[in-house]
Number of protein chains: 2
Amino acid sequence: MIKIAIDAMGGDFAPDEIVKGVEMARDRYPELEFQLYGTESKVKPLIQKSDRITLIATTDEIEMGEEPVKAMKNKPDSSMVRAATAVKNGEADAFFSAGNTGAILASAIFIVGRMRGVERPALASAFPSFGGQHDDFVFMDLGANAENKPSHLYQYGILGSFYAESVLGISNPRVRLLNNGGEEDKGDEVHKAAHQLMKDTDAFNFLGNVEAREIMDGTADVVVADGFSGNATLKAIEGTALTMLDQLKQSIKSSGLRGILGALLLKPAFKSLKSKLDFNEKGGAVVLGVKAPVVKTHGSAKADAVANSMGQIQTMVQEDLAGKTAAFIKENADKLKVKKSAK
Amino acid sequence: MIKIAIDAMGGDFAPDEIVKGVEMARDRYPELEFQLYGTESKVKPLIQKSDRITLIATTDEIEMGEEPVKAMKNKPDSSMVRAATAVKNGEADAFFSAGNTGAILASAIFIVGRMRGVERPALASAFPSFGGQHDDFVFMDLGANAENKPSHLYQYGILGSFYAESVLGISNPRVRLLNNGGEEDKGDEVHKAAHQLMKDTDAFNFLGNVEAREIMDGTADVVVADGFSGNATLKAIEGTALTMLDQLKQSIKSSGLRGILGALLLKPAFKSLKSKLDFNEKGGAVVLGVKAPVVKTHGSAKADAVANSMGQIQTMVQEDLAGKTAAFIKENADKLKVKKSAK
């Protein structure tokens, strides 16, 4: 049995959608067991059937706007801190939350714990890949770090490759570095140095730089970015997609009956586009480089996304992603050290 | 009369679309005079009517893939270098090219010349603003620099405000800093320090940070970014817009007769969406912080975009954007110096 520690109070629709999602996952994945950390009076009434679901009562919650590290330290009996602590103590195999992103990162790094040899854990997520051999690619760091050194980016190549291989089933994943041009000498000092480290390694399959315009074109299975520009790129993609759908809606509305009719006829096409672009539905973002699987969904996640994340966690645990990554890093400690001298 | 020096050989469709665009602009703007720098045998046959158009024969061209600074130095008789030199020598008021972006930047900075007091010129462009009071906002630096200091970002606030005011006609433009979160303490060291410089100034109207998700939402008239993440954000926006239009087309195609009918009915709505998003049609990107207007369009620009850029240049010259900016920087030299100590 795989045990997942769940922060039942985190997210815009918590605890309702979290509990609903967990029950969906329970019916879907027979090998999963769920620990729901949350306020008893709020969570208990929501549980329809308690098979493989244990409620562990907590007294506190971390809110969306709170300063992450402070909140984590000041609220030891919050649903989030208790769930992360369960993983640290070996009572659970993985930690899930839809709450405050900064607090999830802090709990992952300081409670679950950084993997030995990893300098900076990163936030990663699968994105749709159009026109490539695979449906998705891994994009990281999405903002766990505001500032990165070349050696961090180099290590992301390793962490991302293991994730792409274990969870997305892509063998020998093609790694690219997000940069402001395709040529080798592009970028600021950090990206130039990271490019050299990646080019010289045999720890993963590095294919060079990629520009933000092309990351969804299917030429990479892992796109490594520094946390600052990775975050900006992620948000620009989300913002543009939303703006376009919104503008299209308005254009349709203002074209009268003709627009209504056309929109009705194209409903299936719009639906298929929306589902392809809805990367939040597929599962959650993961914190890579910590000792156990940590998955977060968007704060606005509904039951479906929560249930999908449980499937994602099952794969990560079954494939022993954390164990395999840690073993590789341990075996290659010398290689990583050599690289560190260049950071 | 306003004289514009035009690189007739730069761009994917040069010289044909450049000459066509210039003739359109000649018919549209009676106060403009055009100097076409290019290979005589190629350009001369294209000119329909030579009113207010002078052909100046050059013998060389800078190609799209060439190393910018090297190309600029090694090709003194290229159409681009000659056009930029005409501005330097006072023979023209502004310089236009659709060629190699790096070479345009190099020519702008080293030939036209950096404005006194400006540390780093930047590439800026107008983008559509949805739901705000104004149709467009200024986004910069789009990649003139791979690396920025806080003082550069601070100066972009000044350069961008003058552009928004003079060319877009926005009074007291609202300036925001592209960052990985809205709160004041967000970002890496460079963005934190830039935020403080901007917050403490009365040189422009600073309203705080903005995330890439919201830059098109109409809450800013000038969005200042470092060149690296500005470039990534620009390319992510372009890539996402293209991918979505492409995916929508494919979804429609695969939904048979129903799709064809729906698409026909929605044709006006799609067209209106496309024109709203087509920021390349509106005009070109400008190099701010140099001594005279320098405008570049996308390499794939057609005659329409070329002609629109001429209108944009006319406004920049008539409003004396460069002169006003330089005067402000001179008057406030002390203020800028104080700021420099914090860079």
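This is a predicted model, so every value here is computed, not measured. (Residues numbered from 1 in each chain as written. Chains lettered and ligands numbered in written order. Predicted model: local features only at pLDDT ≥ 70, side-chain atom pairs only at ≥ 80, totals over all residues. Heavy atoms only, no water.)

Peer 1: Go over the relation of the copies chain A and chain B with me, naming the residues and quoting the values.
Peer 2: Each copy superposes on the other: chain A lies on chain B with an RMSD of 0.0 Å after a rotation of 180 degrees and an axial shift of 0.0 Å. In the structure described here, the two chain copies are related by an operation that fits a two-fold rotation axis. Relative to the rotation axis, the closest C-alpha in chain A is found at Gly262 of chain A, a distance of 2.1 Å. Looking at the interface residues of chain A, 96% of them are also at the interface in chain B, so both copies use one shared face. (Least-squares fit on C-alpha atoms with pLDDT ≥ 70 in both. Contact = heavy atoms within 4.5 Å.)

Peer 1: Can you lay out a nonpolar patch on the surface for me, pointing to particular residues and giving the numbers?
Peer 2: A contiguous nonpolar surface patch, about 420 Å² in accessible area, is contributed by Leu257, Ile260, Leu261 and Leu264 of chain A. Within the element layout of this structure, Ile260 of chain A appears in helix H9 (residues 256-265). (Patch = residues over 30% accessible without salt bridge, like charges linked within 9 Å, V, L, I, M, F, W, Y side chains within 5 Å. Areas by Shrake-Rupley, 256 points an atom, 1.4 Å probe, with all protein chains shown as cover. Salt bridge = Lys/Arg side-chain N within 4 Å of Asp/Glu carboxyl O. Helix = DSSP H or I, 4+ residues; strand = E, 2+ residues; numbered from the N terminus.)

Peer 1: Can you explain the pattern of salt bridges? Please cite residues and give values.
Peer 2: A side chain with one charge may pair with a side chain of the opposite charge, provided their charged atoms come close. Under the counting rule described, the total for this entry stands at 25 salt bridges over all chains. Lys44 of chain A is the salt-bridge partner of Glu40 of chain A, the closest N and O atoms lying 4.0 Å from each other. Taking the relative accessible area as the measure of exposure, Glu40 of chain A reaches 40% and is therefore partly exposed. Across the pair Asp221 of chain B and Arg174 of chain B runs a salt bridge, and its minimum N-O distance is 2.8 Å. Linking Asp221 of chain B in the loop between strand E8 (205-210) and strand E9 (222-224) with Arg174 of chain B in strand E7 (residues 174-178), this pair joins segments that are 47 residues apart in sequence. (Buried < 20%, exposed > 50% of the residue type's maximum accessible area, 1.4 Å probe, protein only.)

Peer 1: So what's going on with the nonpolar core? Which residues, and what values?
Peer 2: Membership of the largest hydrophobic core comes to 108 residues, with the highest contact counts inside it found for Phe95, Phe139 and Ile215 of chain A together with Phe95, Phe139 and Ile215 of chain B. Setting aside anything within four residues of it in sequence, one finds Phe95 of chain A in contact with Ala5, Asp7, Met80, Ala83, Ala84, Val87, Ile104, Ser107, Val112, Pro293, Val294 and Val295 of chain A. Leu159, Leu177, Met198 and Leu288 of chain A belong to the second-largest nonpolar core, a separate cluster that totals 57 residues. (Core = buried A, V, L, I, M, F, W, Y, C linked by side-chain atoms within 4.5 Å.)

Peer 1: So what's going on with the packing of H9 of chain A against helix H9 (residues 256-265) of chain B? Residues and values would help.
Peer 2: Look at H9 of chain A against H9 of chain B: their axes get within 8 Å of each other, and the N-to-C directions meet at 155 degrees. When the axes of H9 of chain A and H9 of chain B are compared, the pair comes out roughly antiparallel. For the pair H9 of chain A and H9 of chain B, the sense of crossing is left-handed. On the side of H9 of chain A, the interface is formed by Arg258, Leu261, Gly262, Leu264 and Leu265 of chain A, while H9 of chain B contributes Arg258, Leu261, Gly262, Leu264 and Leu265 of chain B. For the contact of H9 of chain A with H9 of chain B, the class distribution of residues is six nonpolar, two polar and two charged. (Axes fitted to C-alpha atoms, helices over the stretch in contact; angles between N-to-C directions. Parallel < 35°, antiparallel > 145°, perpendicular 65-115°, else oblique. Left-handed = near helix turned anticlockwise from the far one by under 90°. Nonpolar A, V, L, I, M, F, W, Y, C, P; charged D, E, K, R; others polar.)

Peer 1: Break down helix H7 (residues 189-199) of chain B for me, citing the residues and quoting the values.
Peer 2: Those residues of H7 of chain B not exposed but buried are His191, Ala194, His195, Leu197 and Met198 of chain B. Angularly, the buried residues of H7 of chain B cover 165 degrees about the axis, an arc narrow enough to put them on a single face. (Arc of directions from axis to C-beta.)

Peer 1: Residue-level account of the sheet that holds strand E5 (residues 122-128) of chain B, with values.
Peer 2: Residue and element names in this part refer to chain B. Read from one edge of the open sheet, 11 strands run E3-E2-E1-E4-E11-E10-E5-E6-E9-E7-E8, paired in mixed fashion. Of all the strands in the sheet, just strand E3 (53-57) and E8 have a single pairing partner and so form its edges. Neighbour to neighbour, the strand axes of the sheet diverge by 25 degrees on average, direction disregarded. Bridging between E5 and strand E6 (residues 136-140) involves five bridges; their strand directions are antiparallel. Within E6, the residue paired with Ala124 across the bridge is Met140. Together, strand E4 (94-97), E5, strand E10 (285-288) and strand E11 (294-296) form the strand contacts of helix H5 (residues 101-113), whose direction differs from that of E11 by roughly 175 degrees. (Pairing = 2+ DSSP bridges.)

Peer 1: So what about the sheet that holds strand E6 (residues 136-140) of chain A? Which residues, and what values?
Peer 2: Residue and element names in this part refer to chain A. Pairing within the open sheet is mixed, and its 11 strands lie in the order E3-E2-E1-E4-E11-E10-E5-E6-E9-E7-E8. Both outer strands of the open sheet, strand E3 (53-57) and strand E8 (205-210), are each paired with one neighbouring strand and no more. Taken pair by pair, the neighbouring strands of this sheet meet at an average axis angle of 25 degrees, ignoring direction. Sheet topology note: the strand E1 (residues 2-7)/strand E2 (residues 32-38) ladder contains six bridges and is parallel. By the bridge assignment for E2, Asp7 is matched with Tyr37.

Peer 1: Account for the packing of aromatic side chains, naming residues and giving values.
Peer 2: Residue and element names in this part refer to chain A. Applying the stated criterion to the full structure yields 10 aromatic pairs over all chains. Judged by centre distance (6.3 Å) and plane angle (45 degrees), the ring pair of Phe137 and Phe139 falls under tilted. Since its relative accessible area comes to 0%, Phe137 is described here as buried. Note on Tyr154 and Phe204: the rings are 5.8 Å apart at their centroids and 45 degrees apart in plane angle, and the pair reads as tilted. In this pair, Tyr154 is assigned in helix H6 (residues 150-166) and Phe204 in the loop between helix H7 (189-199) and E8, connecting sequence segments 50 residues apart. Phe204 carries the same exposure label as Tyr154, and that label is buried. Three or more aromatic residues joined by ring pairs form one cluster here, namely Phe127, Phe137 and Phe139. Across the ring face of Phe13, the terminal group of Lys302 is positioned such that the distance to the ring centre comes to 4.9 Å. (Phe/Tyr/Trp six-rings, centres within 6.5 Å; stacked < 30°, edge-to-face > 60°. Lys NZ or Arg CZ within 6 Å of the ring centre and 35° of its normal.)

Peer 1: Could you give an account of the domain arrangement of chain A, with specific residues and numbers?
Peer 2: Residues and elements named next belong to chain A. Each assigned domain of chain A is listed with its residue range as follows: domain 1 (1-118 + 289-320) and domain 2 (119-280). For domain 1 versus domain 2, the separation of C-alpha centres amounts to 26 Å. Surface buried jointly by domain 1 and domain 2 totals about 1,100 Å² across both partners, of which 69% is contributed by carbon and sulfur atoms. When the buried surface of domain 1 facing domain 2 is broken down by residue, Leu105, Val118 and His298 rank first, second and third, together holding 38% of it. Where domain 1 meets domain 2, there are zero salt bridges. At the level of elements, helix H5 (101-113) and helix H12 (303-318) are the ones that each hand at least two residues to the side of domain 1 that touches domain 2. If one sorts the elements of the side of domain 1 that touches domain 2 by residue count, H12 sits on top with four residues. For the side of domain 1 that touches domain 2, the residue count by class is six nonpolar, six polar and three charged. (Domains from an automatic or database assignment. Buried area = accessible area lost by both parts, 1.4 Å probe.)

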